[in-house]
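Each chain is listed here by its residues.
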Amino acid sequence: MNDTTMFPQQGRHDTQAWELVRELGATYHESPPDRLQFRYPWSATLTSRNTCIVIDRSLPLNRVTEFDADGREIWSREAPPRLNVCLEFGPHTRLMVEGRTIRVLDTTTGKEETWSAILPEVPNAGCLTPDGDVVVGCDGGLYRLSRTGEVSLLVASSDDTFLEPQDVHVGPDHTILVTDGTASCVVLLDRNGVRQGILGTWHRPGRGQDELLAPNGACIADDGWIYVAETRRHRIVEYAPDGTRVRDVPISGPEPHSPATVRPLPGGDLLVVDSGNHRVFRCDRDGRVLWTLGESPYRSRLFSFPRTVDYTSGSYLVCDAFNDRVIKVASDGMPQAAYGDGGELGTGLGLSVPRAASQSAAGDLCVADGLNSRVLVIDAAGRLLREITEVLSPTRGRMRLGDPHQAEMIHDGLLHVVDSDLNAVLWIDADNNVRREWFGTPDGLAFSDPHQAHYVNGTLYVADSANDRVVVIDVRSDGGSAAVREPQITKLSYPRCIRPLYDELVAVDSDANRLVWTGKDGSTADVGPILRLGHDLPAVNPELRRPKWVTAVDGDTIAVADMFNSRITIVRRPRRNQSLEGMR
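Just so we're clear, the structure is a prediction, and the values are computed from it rather than from any experiment. (Residues numbered from 1 in each chain as written. Predicted model: local features only at pLDDT ≥ 70, side-chain atom pairs only at ≥ 80, totals over all residues. Heavy atoms only, no water.)

Student: Any chance you could explain the pattern of salt bridges here in plain terms?
Tutor: Oppositely charged side chains are able to pair whenever their charged atoms sit close together. Counted according to the given criterion, the structure contains 42 salt bridges. In this structure, the salt-bridge partner of Arg77 is Glu98, at a minimum N-O distance of 2.7 Å. Remark: Glu98 occurs in strand β8 (residues 93-98) and Arg77 occurs in strand β6 (residues 73-79); sequence separation between them is 21 residues. A single burial state applies to Arg77 and to Glu98, both of which are buried. We note a salt bridge from Asp248 to Arg235, for which the minimum N-O separation is 2.9 Å. (Salt bridge = Lys/Arg side-chain N within 4 Å of Asp/Glu carboxyl O. Helix = DSSP H or I, 4+ residues; strand = E, 2+ residues; numbered from the N terminus. Buried < 20%, exposed > 50% of the residue type's maximum accessible area, 1.4 Å probe, protein only.)

Student: Can you walk me through the sheet that holds strand β41 (residues 434-438) in this structure?
Tutor: To summarise the sheet geometry, strands pair through backbone hydrogen bonds and adopt either a parallel or an antiparallel arrangement. Ordered by their spatial adjacency, 4 strands build an open sheet running β38-β39-β40-β41, and the pairing between neighbours is antiparallel. Looking at strand neighbours, the two that pair on one side only are β38 (404-409) and β41, the edges of this open sheet. Geometrically, the sheet is characterised by an average inter-axis angle of 15° between neighbouring strands, direction not taken into account. Where strand β39 (residues 415-419) lies against strand β40 (residues 424-428), 5 bridges are found, and the strand directions are antiparallel. Across the sheet, the residue bridging to Asp419 is Ala424, located in β40. (Pairing = 2+ DSSP bridges. Axes fitted to C-alpha atoms, helices over the stretch in contact; angles between N-to-C directions.)

Student: Please clarify how unusual backbone geometry should be interpreted in this entry.
Tutor: What you tend to see is this: most non-glycine residues have negative phi, and most peptide bonds are trans. Each neighbour pair has its own omega, and for Leu59 with Pro60 the value is 5°, a cis peptide bond. Along the polypeptide, Pro60 turns up in the loop between β4 (52-56) and β5 (62-67). Geometrically, the link from Pro81 to Arg82 is a cis peptide bond, its omega value of 15° lying close to zero. Among the structural elements, Arg82 can be located in the loop between β6 and β7 (83-90). Even without glycine at this site, Tyr494 takes up a positive phi of about 60°.

Student: Help me understand the pairing of strand β36 (residues 390-393) in this model?
Tutor: Looking down a regular strand, the side chains alternate between one sheet face and the other. Here β36 shows a clear split, with Val391 and Ser393 buried on one side and none of Glu390 and Leu392 buried on the other. In this structure, β36 lies alongside strand β37 (residues 397-400), joined through 4 bridges in antiparallel fashion. Across the sheet, Ser393 pairs through a bridge with Gly397, a residue of β37. Hairpin connection, β36 to β37: the antiparallel pair is bridged by 3 residues.

Student: Just checking my understanding: could you explain empty space enclosed by the protein for this structure?
Tutor: It is a probe the size of a water molecule, rolled over the atoms, that shows where empty space is left. Taken as a whole and judged by the stated rule, the model has 3 cavities of 30 Å³ or more. One number sums up the size of the largest cavity: a volume of about 150 Å³. Ser43, Ala44, Asn84, Gly126 and Arg263 are, among the 18 residues lining the largest cavity, the residues nearest its centre. Put simply, the parts of the chain that give the lining of the largest cavity at least two residues each are β3 (41-46), β4, β7, β11 (125-128), β15 (165-170) and β23 (259-264). Its residues assigned to classes, the lining of the largest cavity comprises 8 nonpolar, 8 polar and 2 charged. The computed volume of the second largest cavity comes to approximately 70 Å³. Arg307, Thr308, Arg355, His405, His451, Arg496, Lys548 and Trp549 together form the lining of the second largest cavity. (1 Å grid on protein atoms, 1.4 Å probe; cavity = no way out; pocket = protein on both sides within 12 Å on 5 of 7 lines; lining within 4 Å. Points joined across faces, edges and corners; volume = space filled by probe spheres on them. Nonpolar A, V, L, I, M, F, W, Y, C, P; charged D, E, K, R; others polar.)

Now the structure itself:
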């Protein structure tokens, strides 16, 4: 059977005039694939009939596809995000969860049944139990979906169980594995939901022997061995049945990049969803790859989840967060200098997933080292000039920095810092005294988890992330402030950055995977999630995926810290006489 029209397509997305002209941080194979089979594969399961079901979180529509043993497409379906669960529910039936709606599809007839029961939340993942039921993981807990169509709470999220499950897997003895990226660990529960153990360290991400940095998926094999997909360290970690970490599985061929999930297969093999390499592969326990679905265009990758990018004097300064470094690259993408323990300079700095980096006019670097609750200033040779962990506020007295997400030099030697834990924008002098501070807008609305602010010509632009807004504040020379406006931008989803570029205003709307441009006349234009590929590019992902930062390169080109794609995306915008003419 190869009926790809069984489930009709549910919409198309026209490519936009914005053009992706280059990726920084990627080296391609000499003969890259003509197309990407998957854009962002998220989960995969092998059925009893040896077919493979893959969920691809492509944008703007997610896609689920089932392939036969030879890699041929059997059927597929598209749905709006979030389509996060599709499992074998019978020889020819598949249980799918689209948002909170549960459906059972018959792959032989194309008919579907929608359950009357709906989930209270959108699940992040799901799995079958040894009894044939389905367990799904939502932010609020684990829910059981019985074969009779009932939905019931199995385990609630709490400090005694888990915080936010990204993945769930039930072993043959009913041991439940919950991958909790928020708590940076994998939690083992018994069949009643009582916590039995933890892999990693609760709520403490790290790179130590007993720590996990950012796990996204885990599974328990029939013999009790456990495998963890540690997405942001690009590895599969093996644990013995007693919870002892044994090794990183040495995958043959291309190294994994951002593996999302791992599942055990009959006979002991593993099924790995290698998201960053746009593929799914089967390997044995020693990492020998046996077959793959999809092909990566990349030979190597320079960045690991970059958070910020700045462009000065022909070079890009990149906060290469999960490589624990700040790296400067030339306009041709070649590395020039790297700072931190993940680089060659400043190797004693101890950076840990730095949040942001900028360069002053004098050539010094300012680094927001958020997980270490500090801001560093280092010179071009990597020598530490200044470390700030505590400041003196005129209204709140001594304050320890919490989680600084931005640090840069502004006028008169002041250090401009945005601290998300303190919900504050601070201007700090050389003696660590706070000269100006904003904990909210002058109208009294407090900031909530701000990620970035930009000051220019007497105006402060703030990305007030958890309030889903951006605000513009007039900074008066007399020490006062007055709210100028809250730009009327279509609903934002956790904006991480706001900057004036080319006499216009651009907001990085991270969770919506887009940039929003606002012209002087108030008109707006979305950039992303889909970009038009330049003619000289190989088959690369045309999507923005959790962008964090934007900076100007020249009059028609911008650079985007495209975090989940682990790249700096160089985008050329339409010319004046194209679709944004009305914004001028």
